Amino acid sequence: MKKLLTIITILTLWFSFSSNVLIAEDVREELDAIERERIQKIEEQLLLNLPEISDNPNHIITFKDPSEQGVFLEIDGQEFEEITSPYTLPSLSLGRHVLVFKFTDQQGTEQTFERTITIIPRPAVLNPPAIVENEIKISGTAMANSEVEIFLSRDISNQKALVEVDANGEWEHIFTEDIEEGIYTALATTRRNGFSSYYSEPIVFEIGADSETLTPVQQRAEGTSFSFSDFDITDYRGILQTLRNNPDLLIAFGSFFLLGILLAWIALSIISKITQKKTKKVLQDLLKKKEEEVEKASSLREKFENSKGEEDNEKEEKQEKKEKDEKKEKEEEKKKEKKKEKKEEKKKEEEEEKEEEKEEVEEEKEKEKEEDDDEEAKTLTKKEFMEKFKELDPDDEEGNEKDLKKKNIKISLTSKD
């Protein structure tokens, strides 16, 4: 029972510890991701050009001020100093240096950005090697009081040596083992305070049966010397040997050959261009003459057509003038006819109006006559006569006869009641 409780307790503690570790790792990864994102944004704004490793203690850096409020730099915990791009670093010693940049970003927030740069020694400089019998002497210059590691290789054979550099920055070393004919490559690196430089520029040289005591510079200088008397047409082996011993001569012959081909091609091109120009000129002259003839013929034709055209134009103008006159006369006649018609219409209207007036007068007369006839023909009953006695009485109130002619009244008696 105790063992079971112990096992359960251990498992519980282990699970809780592992879960806490996993949570811590997740939090750390999330924080690292946030920091990487922040650094990326800062790099995009600052545009800092700073390598991680440089062999120049006065390396020049470039950057951009995002808010133009100034960029400040702190080197290895010293005070902040305002800098402007491009900025030359002070003479930094060998080793790792911490550079802290402080600036205001585009959002107006103050940011700090840390970068490191490691200064390493500059590569050693190798002098042309000196070859004496079975020894190869390699020397050069490097950082004072440092060490130079030399590498010498031939085919699959490799040798190296570590030499010290004196206070004047000079050094040398002699290789004596496994010196045979062949092509050698030498290069070196500089070491100091645990930091190593990049590789130096390699030097390639050859050791042959006839060049054991010659340096590569002397081989190159003396190998290019030759005399045309050395060439014998019957001795092709001698020619090949001379060319093999003087590769620059072969290059010179090849260059002259290519140059000759180039000059010949240029000459042929010039000659062909001149020929083309002459041919083109002859063709242009012929075309010009032909064009002149065509222009003359066309000018004569144009003159003839112009003269004919002028006559036709005159005829057309006369015809047009005649047509215009006729048209004008017709229009005038039409106008006259219209005026005449208007007058006749007006006259007819006046006559019609007169006739209408006359008819109206006659109608009025007829109406009046009919009314008179109606009055004359009107008959009165006894009752009506008695009612209107006074009006129809031929005597006035005094008993005198009225003037009946004025009223033109007819009186007749009927048998009607």
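All values derive from a computational prediction rather than experimental measurement.

The rules behind the values
Residues numbered from 1 in each chain as written. Predicted model: local features only at pLDDT ≥ 70, side-chain atom pairs only at ≥ 80, totals over all residues. Heavy atoms only, no water. Helix = DSSP H or I, 4+ residues; strand = E, 2+ residues; numbered from the N terminus. Buried < 20%, exposed > 50% of the residue type's maximum accessible area, 1.4 Å probe, protein only. Contact = heavy atoms within 4.5 Å. Areas by Shrake-Rupley, 256 points an atom, 1.4 Å probe, with all protein chains shown as cover. Pairing = 2+ DSSP bridges. Polar contact = N/O pair within 3.5 Å; in protein donor to acceptor, adjacent residues only side chain to side chain. Phe/Tyr/Trp six-rings, centres within 6.5 Å; stacked < 30°, edge-to-face > 60°. Lys NZ or Arg CZ within 6 Å of the ring centre and 35° of its normal. pLDDT = per-residue confidence, 0-100. Patch = residues over 30% accessible without salt bridge, like charges linked within 9 Å, V, L, I, M, F, W, Y side chains within 5 Å. Salt bridge = Lys/Arg side-chain N within 4 Å of Asp/Glu carboxyl O. Lys, Arg positive; Asp, Glu negative; His and termini not counted. Charge placed at Lys NZ, Arg CZ, Asp CG, Glu CD.

Turning to the overall build of the chain, a few remarks are in order. Secondary structure assignment for the chain yields seven helices and 16 strands. Residue burial in the chain is summarised as follows: out of 417 residues, 20% are buried. When contacts within the chain are restricted to residue pairs at least 6 apart in sequence, long-range pairs at least 24 apart make up 54% of them. Total accessible area on the chain stands at roughly 33,600 Å², and carbon and sulfur atoms take up 52% of it.

It is a general feature of regular strands that their side chains alternate between the two faces of the sheet. For strand E6 (residues 95–104), the tally of buried residues reaches seven of 10 residues, placing the bulk of the element in the interior. The pairing of strand E3 (residues 71–75) with E6 spans four bridges and is classified as antiparallel. Bridge pairing in E6 places Glu 74 opposite Val 100. As defined by bridge partners, E6 adjoins strand E7 (residues 110–119) across 10 bridges and the pair is classed as antiparallel. Residue His 97 lies in a different strand from E7, and its bridge partner there is Ile 117. Between E6 and E7, which pair antiparallel in sequence order, lie five residues; one of them, Gly 108, sits at a positive phi of approximately 85 degrees.

Following the sequence through the fold, Ser 54 ends up in strand E1 (residues 53–54). Among the polar contacts made by the side chain of Ser 54, one reaches the side chain of His 59 at a distance of 3.5 Å. For Ser 54, the residues in contact, after removing those within four places along its chain, are His 59, Ile 117, Thr 118, Ile 119 and Ile 120.

It is worth spelling out the packing of aromatic side chains at this point. Inspection of the entire model under this criterion finds two aromatic pairs. Ring geometry for Phe 151 against Tyr 199: centres 6.0 Å apart, planes inclined by 70 degrees, an arrangement best described as edge-to-face. In this pair, Phe 151 is assigned in strand E11 (residues 147–154) and Tyr 199 in the loop between strand E15 (195–196) and strand E16 (203–207), connecting sequence segments 48 residues apart. Classification of Tyr 199 as exposed rests on a relative accessible area of 56%. For the pair Tyr 184 and Phe 205, a centre-to-centre distance of 5.6 Å together with 10 degrees between the ring planes defines the contact as stacked. Of this pair, Tyr 184 sits in strand E14 (residues 182–192) while Phe 205 sits in strand E16, and the two are 21 residues apart along the sequence. Over the face of the ring belonging to Phe 80 we find Lys 102, whose NZ or CZ atom lies 4.4 Å from the ring centre.

Attention now moves to the sheet that holds E6. Taken together, the five strands give an open sheet; going across it, the order is E1-E7-E6-E3-E4, and neighbouring strands pair in mixed fashion. The open sheet has two edge strands, E1 and strand E4 (81–83), and neither has a second partner.

With that settled, the discussion passes to the confidence of the model for the chain. For the chain, the average pLDDT comes to 78, and 73% of its residues sit at 70 or higher. In this model residues 211–226 is a low-confidence stretch, pLDDT under 50, and it forms 29 contacts with partners more than four residues away in sequence or in other chains. This stretch, residues 229–233, has a pLDDT under 50; its non-local contacts, to residues over four places away or in other chains, come to six contacts.

With an omega of -5 degrees, the peptide bond between Ser 85 and Pro 86 qualifies as cis. Its identity as a non-glycine residue notwithstanding, Asn 145 has a phi of 60 degrees, on the positive side. Relative to the helices and strands, Asn 145 resides in the loop between strand E10 (135–141) and E11. With a relative accessible area of 52%, Asn 145 lands in the exposed category. Here the phi dihedral of Asp 155 falls at roughly 55 degrees; this positive angle occurs in a residue that is not glycine. Structurally, the position occupied by Asp 155 is in the loop between E11 and strand E12 (157–164).

Moving on to a positive patch on the surface. A contiguous patch of positive charge, built from Lys 330, Lys 334, Lys 335, Lys 336, Lys 338, Lys 339, Lys 342 and Lys 343, is present on the exposed surface. Here Lys 339 lies in helix H4 (residues 247–376).

What follows concerns the pairing of E14. Pairing geometry for E11 and E14, over seven bridges, is antiparallel. Note on E14: the bridge partner recorded for Glu 147 is Arg 191. Where E14 and E15 come together, two bridges link them in antiparallel fashion. By the bridge assignment for E15, Arg 191 is matched with Ser 196. Between E14 and E15, which follow one another and run antiparallel, lie two residues, and Asn 193 among them has a positive phi close to 55 degrees.

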